Structure formats: C-alpha cells, structure tokens
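Residue strings, one per chain:
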Amino acid sequence: MDFNVKKLASDAGIFFTRAIQFTGEKFGQVEKTELDAHFENLLSRADSTKNWTEKIFRQTEVLLQPNPSSRIEEFLYEKLDRTVPSRPNNEELLGHYMQDAAKDFGPGTPYGSTLIKVGDCERRLGSVQREFLQTSAIGFLTPLRNFLEGDWRTISKERRLLENRRLDLDSCKARLKKAKLAESKAAAVPDFQETRPRNYVLSASASALWSEEVDKAEHELRLAQTEFDRQAEVTRLLLEGISSTHVNHLRCLHEFVEAQTAYYKQCHLHMQDLQKELDRFPNAFAGNPGHSMASGGSSPLDPASAVETDTLKIEEVQAPATGTRKAKVLYDYDAADTSELSLLADELITVYTVPGMDSDWLVGERGNQKGKVPVTYLELLS
C-alpha cells in the first residue's frame, strides 16, 4: 500500500498539537476561544432536540411493538435491507384460536357461535392495529429516525470540525504569544557594551530568527481564524435549521395523534358492534341450568316461556305472597327502556318471577322502583 509519509506526519503533528491544546484547556493552563452567547444557545437547543427526539423515538417504538425480540428482529431485517416476514399480531392470533375452538365445540352452540363472533371481531381489531402501526411508522417514526441518522449526523460532523478549527486557532494564538515573548526577550538581551562581539552577533541573530517566527505565527493565525470563521458560519446555519426540524416534527406529531384517534375510534366501533350482536341473543346463557333453576322459571320448552316479555306491563305486576328472594348485583347495568331497572354493582334488590316472563329475566324491586333485570347480572341469595 502506498503511504504518503509527509501527509501522515503532518496529520500526526496536527493531532498532537490539538491534544496538547485540549489538555491545557482542561487544566486551565491555556486560553480558550469562547463562542458567543447566541451560538451557545443554538448548541444547547440542538443537543436538547437530539436527546428528546431519541427518547421519544425509542419509547414510541416500545409503544408500537412491546416485544423486544420483535423489535430486534425488525432492526436486523432493516439493516439487511430485507422485508420483515408478515406474521399475525396478538389480536389476529387470538381471533384465530377462538374460531378454531368454535369449530371444535360446535358453531351451533351458544358458546361456539359467540366464539365465532368474538373471534371475528378480534381479527378485525388486529387488522386495524396493523394499519395503525404502518401509518405511525411512516408518518411519525420515520421522520424522527431521518433526523437522528441524517441531519443530526451532519450537525455532529460539522461541530467536530468546528471544535478542531477552534483548537487550531487557539494553538496558533498560543504559538504567536510564545514567539512574541521570545522575541522581546531576545531583543532585550544584546549589550552594546559587550566586549565579546561573538555573543552580540549571536543575540542579534536570535532576535531576527524570533522576528521571523512571529511573522510566520501571525500568518498561520490569520489562516486559522479564516478557517474557524468559515466553519462557524456553516455550523451556525445547520444549528438554526433546528427550528425547521421542530416544525416538521410538530406536523408529524399531529399526524400521529390523528392516527391514534382513528385507531381507537375504529376499535370502539368494532367493540360496540360486537356488544350489540351479543345483546341480540339473550338466550345465549340458557344452556346453564343454574340460571334456569335459580330464576324459578319454567323449562325453555314450556309454552309459557315463549310469551314476549314486552307484553307484560311491569307497573301492574305485583310481588307474589311467596317466592321473592334477595339478590346481589354483580355488575352495573343500564336499563334499555322504561320496562327495565338499572342496577349498580354490589347493591341488594328483591327479585321474583311472574308467569309468561322469559327465564333469563326477573322482576326486580328497589324501594319504589321496579323493572326487569337480567339473571346473569345477579347472584341469588338464599
């Protein structure tokens, strides 16, 4: 391999000079060129932007993909420039298991048919989540990553160059100061009464050499100052671009919030639809003999149980002399109409059945209030 020895030696000398200057600054032994207050504020703002952007980016990744193994896998595929294999997410997997279970239990049974409906809803939720993750990754994560891996790397590179230019500038200042000090000392040494001319000639020669060294140091200082000013201007322009970065990230943040809003709205609508579908089948719990016995109602095959409860006028129903029981409410229940009684969890009410009422419903009383209540929301007490 062909090495440029002169360039290698020059680079080594520059590195050594910078190291000496940097060490001297750390120990307070040499002077350091300070940047103006506005420039320092730009540097501080840029560092703060980088640090918080990195934290927000990492935590958003955790939010969108809680599984660390999956995150590592996606990272590796991205670095290898390969497509991540498509796999079902947790909701889709749960829905698949529910529908397979329904086939095993029998899709015609109450439990099987409910599993099918809930499983289908879970798979739709999984599809909505997949769309949300894709939208968030493109609209929010990608711009943050582009800043960290693109703009910030450029800023960091130019800042390092600026720091090197500053070290070179301060080294030139120190060299000039040292040369001027040596020149003045050499100029003060010659003694015109010196009886030994040789010493006088040597002193005059040293003074001339130091004068030449001062001229050289001043020239190098001018060049270093020019390089420093040019690099400072480049770095300043990049740092001032942080304001544009904030504007861009603000827009991406709005898009992320909109994506979250749409995601949760769709999830809510899917769950509402599922709940309405399940509410259309009040006999789904009829397969549990405990409910039928506890309600005191007749068998589902009893013709009296086929009578619609809506035909009953609840306000005209009177509590029987015997057969009333106390019941503890298990869950809150909002009445669907005026014929029903709203319930609060853990309260105690009086319940009884009347002829012609569906076995899944009882008449409940709380003080002067009366209405139908679902058996599944109650724990009948002896």
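The structure displayed is predicted, hence computed values, not measured ones.

What counts as what
- Residues take numbers from 1 onward in each chain, read along the sequence in its written order.
- With pLDDT at 70 or above as the cut-off, local features in this predicted model cover only qualifying residues; side-chain atom pairs require 80 or more to be listed or tallied, and sums for whole chains, interfaces and linings still use all residues.
- The side-chain quantities take in all heavy atoms of the structure and omit both hydrogens and water.
- Each residue is assigned to one of three classes by its accessible area relative to the maximum for its type, calculated with a 1.4 Å probe on protein chains only: buried under 20%, partly exposed between the two thresholds, exposed over 50%.
- The helix count covers DSSP runs of H or I at least four residues long, the strand count covers runs of E at least two residues long, and both are numbered beginning at the N terminus.
- At least two DSSP bridges between two strands are needed for those strands to be called paired.
- For a helix, the expected span equals 1.5 Å multiplied by the number of residues minus one.
- Remark: nonpolar core denotes a set of buried residues (Ala, Val, Leu, Ile, Met, Phe, Trp, Tyr, Cys) joined through side-chain atoms within 4.5 Å.
- The contact criterion used throughout is that any non-hydrogen atoms of two residues lie within 4.5 Å.
- Residue-level confidence of the predictor, termed pLDDT, takes values from 0 up to 100.
- Residues enter patches when their relative accessible area tops 30% and they take part in no salt bridge; the joining distance is 9 Å for like charges and 5 Å for the nonpolar side chains Val, Leu, Ile, Met, Phe, Trp and Tyr.
- Computed with a 1.4 Å probe, the accessible areas rest on the Shrake-Rupley method; for each residue, only the protein chains presented here act as cover.
- Only one rule defines a salt bridge in this text: a Lys or Arg side-chain nitrogen within 4 Å of an Asp or Glu carboxyl oxygen.
- Only rings of Phe, Tyr and Trp enter the pairing, Trp through its six-membered ring, and a pair is recorded when the two centres are within 6.5 Å. The plane angle decides the type: under 30 degrees is stacked, over 60 is edge-to-face, the rest tilted.

Quick one: what's the story with the pairing of strand β2 (residues 348-352), residue by residue and with numbers?
Every other side chain in a regular strand lies on the same face of the sheet, so the side chains alternate between the two faces. The element β2 is largely enclosed, with a buried count of four among its five residues. Where strand β1 (residues 325-329) and β2 come together, four bridges link them in antiparallel fashion. Looking at β2, one finds that K328 is bridged to L348. Looking at chain direction, β2 and strand β3 (residues 361-366) are connected through three bridges and run antiparallel. Its bridge partner lying in β3, Y352 is registered against V363.

Pulling in residues and values, what's your account of the environment of D229?
Tracing the sequence through the fold places D229 in helix α6 (residues 197-240). Separated by 64 residues in sequence, D229 and R165 have C-alpha atoms that sit 8.9 Å apart.

Explain helix α4 (residues 90-105) to me, and be specific about the residues and the numbers.
Counted at 1.5 Å a residue, the expected span for α4 with its 16 residues is 22 Å, and the 22 Å between its end C-alpha atoms agrees. G106, located one to two residues past α4, shows a positive phi value of around 110°.

Report on the nonpolar core, specifying residues and quantitative values.
The biggest cluster of nonpolar side chains holds 40 residues, and the ones touching the most others in it are F39, F132 and L239. Secondary structure elements with two or more residues in this core: α2 (37-64), α4, α5 (110-188), α6 and α7 (242-279). A per-element tally of this core places α5 first, with 18 residues. In contact with F132, not counting residues within four places along its chain, are L64, F256, A259, Q260 and Y263. Of all hydrophobic cores here, the second largest spans 19 residues; its members include L343, V351, L362 and V363.

I'd love a proper account of the confidence of the model for the chain, names of residues and values included.
With 79% of its residues at a pLDDT of 70 or more, the chain has an overall mean of 82. Per-residue pLDDT, averaged within each element of the chain, yields its smallest value for helix α8 (residues 289-295) (42) and its largest for α2 (95). Contacts from residues 282-310, a stretch scored under 50 in pLDDT, to residues over four places away or in other chains number 31 contacts.

Give a detailed account of the side chain of T245, specifying residues and quantitative values.
By the secondary structure assignment, T245 is in helix α7. T245 gets classed as buried once you look at its relative accessible area, which sits at 9%.

So what about a nonpolar patch on the surface? Which residues, and what values?
Judged by side-chain polarity, L250, L253 and V257 come together as a nonpolar surface patch covering roughly 250 Å² of accessible area. Structurally, L253 can be placed in helix α7.

Quick one: what's the story with the packing of aromatic side chains, residue by residue and with numbers?
Within the structure shown, the criterion is met by eight aromatic pairs. Centroid distance F140 to F256: 4.6 Å. Interplanar angle 15°. Geometry classified as stacked. One end of the pair, F140, is in helix α5; the other, F256, is in helix α7, and 116 residues separate them in sequence. What makes F256 buried here is its relative accessible area of 9%.

Before we move on, can you summarise the pattern of salt bridges with the specific residues and values?
For side chains of opposite charge, pairing can occur when their charged atoms come near one another. Within this structure, the stated rule accounts for 16 salt bridges. Between E163 and R166 there is a salt bridge, with its nearest N and O atoms 2.8 Å apart. Residue E163 and its partner R166 are both found in helix α5; the two are separated by three residues, about one turn of the helix. For the salt bridge of R175 with E220, the shortest nitrogen-to-oxygen distance reads 2.9 Å. Placement of R175 in helix α5 and of E220 in helix α6 is noted, with a sequence separation of 45 residues between them. Owing to a relative accessible area of 32%, R175 belongs among the partly exposed residues under this scheme. Taken together, the shared-partner salt bridges in this structure form one network comprising E163, R166 and D170.

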